[in-house]
Amino acid sequence: MAKSKEIKLKHVAFIMDGNGRWAKRRGLPRHLGHKAGCDRIIDIYEECLAQDIKVMSLYAFSTENWNRPKDEINHLFNYLDIFFKKQIKRIIKDGSRVIISGDISALPKKTQKTINEAIEKTKECKNFVFNICLNYGGKAEIVRAAKLLAEEVKNNKIKIEDIDENAFSNHLYTAGLPDVDLLIRTSGELRTSNYLPWQLAYAEFIFPEIPWPDFTKEEFRKCINEYYSRNRRFGGINDDEK
Ligand code: IPE
Ligand code: IPE
Ligand code: MG
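Residues numbered from 1 in each chain as written. Chains lettered and ligands numbered in written order. Predicted model: local features only at pLDDT ≥ 70, side-chain atom pairs only at ≥ 80, totals over all residues. Heavy atoms only, no water.

### Details of the layout of surface pockets
Empty space within the largest pocket amounts to approximately 510 Å³. Along the wall of the largest pocket there are 25 residues; nearest its centre are Met-16, Asp-17, Asn-65, Arg-68 and Arg-185. Residue assignment for the lining of the largest pocket shows that the elements contributing at least two residues are helix H1 (19-25), helix H2 (30-50), strand E2 (55-62) and helix H3 (70-93). Of the residues forming the lining of the largest pocket, the biggest block, five residues, is contributed by H2. Estimates place the volume of the second largest pocket at around 150 Å³. Around the second largest pocket, the lining residues are Lys-35, Cys-38, Asp-39, Ile-42, Tyr-79, Ile-82, Phe-83, Lys-86 and Gln-87. Among the elements that make up the lining of the second largest pocket, the one with the highest residue count is H3 (five residues). Tallied by class, the residues present in the lining of the second largest pocket amount to five nonpolar, one polar and three charged. (1 Å grid on protein atoms, 1.4 Å probe; cavity = no way out; pocket = protein on both sides within 12 Å on 5 of 7 lines; lining within 4 Å. Points joined across faces, edges and corners; volume = space filled by probe spheres on them. Helix = DSSP H or I, 4+ residues; strand = E, 2+ residues; numbered from the N terminus. Nonpolar A, V, L, I, M, F, W, Y, C, P; charged D, E, K, R; others polar.)

### Quick word on the pairing of strand E3 (residues 96-101)
Taking burial as the measure, the six residues of E3 include five buried ones, the bulk of the element. Where E3 lies against strand E4 (residues 128-136), six bridges are found, and the strand directions are parallel. Paired with Ser-101 across the strands is Cys-133, a residue of E4. In this fold, the crossover linking E3 to E4 by way of helix H4 (residues 109-121) has left-handed handedness. (Buried < 20%, exposed > 50% of the residue type's maximum accessible area, 1.4 Å probe, protein only. Pairing = 2+ DSSP bridges. Right-handed = clockwise from strand over helix to strand, strands pointing away.)

### Points about the site of ligand 1
For ligand 1, the set of nearby residues contains 13 residues, the closest of which are Asp-17, Gly-20, Arg-21, Arg-30 and Arg-68. A distance of 3.4 Å separates an oxygen atom of ligand 1 from a polar atom in the backbone of Gly-18. Arg-68 places a polar side-chain atom, nitrogen or oxygen, 2.7 Å from an oxygen atom of ligand 1. Coverage of ligand 1 by the protein chains reaches 88% of its 380 Å² of free accessible surface. (Near = heavy atom within 4 Å. Polar contact = N/O pair within 3.5 Å; in protein donor to acceptor, adjacent residues only side chain to side chain. Areas by Shrake-Rupley, 256 points an atom, 1.4 Å probe, with all protein chains shown as cover.)

### Brief notes about the side chain of Thr-122
Tracing the sequence through the fold places Thr-122 in the loop between H4 and E4. A relative accessible area of 0% places Thr-122 in the buried class. A polar contact is formed between the side chain of Thr-122 and the backbone oxygen of Ala-118, at a distance of 2.7 Å. Those residues in contact with Thr-122 that lie beyond four places of it in its chain are Ile-88, Ile-91, Ile-92, Ser-96, Arg-97 and Val-98. (Contact = heavy atoms within 4.5 Å.)

### A word on the packing of H3 against H4
Two elements in contact, H3 and H4, have axes whose closest approach is 9 Å; the angle formed by their N-to-C orientations is 20 degrees. If you check the angle between H3 and H4, you find them roughly parallel. The crossing of H3 and H4 is left-handed. Residues Phe-77, Asn-78, Asp-81, Phe-84, Lys-85, Ile-88 and Ile-92 of H3 pack against Lys-110, Thr-111, Thr-114, Ile-115, Ala-118 and Lys-121 of H4. Taken together, the residues of the contact of H3 with H4 break down into six nonpolar, three polar and four charged. (Axes fitted to C-alpha atoms, helices over the stretch in contact; angles between N-to-C directions. Parallel < 35°, antiparallel > 145°, perpendicular 65-115°, else oblique. Left-handed = near helix turned anticlockwise from the far one by under 90°.)

Here it is as structure tokens:
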């Protein structure tokens, strides 16, 4: 069994938390925290490319976030729309593929259009995967995968015996992607809030205290160093522990 420093960081997942508190502390409306948060994304994406990471997942909106005031929700989708309109050219140039985990059919038409264009224009890109989790819930994703598999059994496409971890994985939104190596949740909250429960099964967790709008490349690099100092055992024993 290798140590973390030998287990390359391929997939990093972020819970971009703390936007609202960041704004409140400055006497600003919460939505300006989301604006500042959206402005952070591109720097962190750039650093992923610089570090030769292959997949970045971002928690942008959870199935539970519908419980927020309508005005805040509308602002959030609007900022995401602006983000993609502004960055799509460079995302294409980088050879990065945009994928969405979640059901975007409930989003405003304008946002759906922008996102579907980003997916379409980058579908052949192979260098990097930019996975935006939007109207995403981990429990809903698992139920969806179970239903898809049940359909296939019903239609005699597969047998029950064919359902294993690999088959299940291939029916999640993240089909074909490696599991998450590192989860970073900013703002000091110590929970996963229904985020990628299957994919995080063996991830390393880091919870920086700072809110997402203050999460810089430098802070991200500290997390990467921390990741490589961890001992990932996967249930085994490392050579130096025998
Ligand atoms: C996370 O920031 C952003 C989204 C939910 C999209 P919050 O809005 O949850 O910020 P806090 O946790 O209230 O500070
Ligand atoms: C999780 O953050 C969702 C996103 C960052 C999109 P929340 O702020 O919504 O999570 P809770 O409610 O504190 O668990
Ligand atoms: Mg929050």
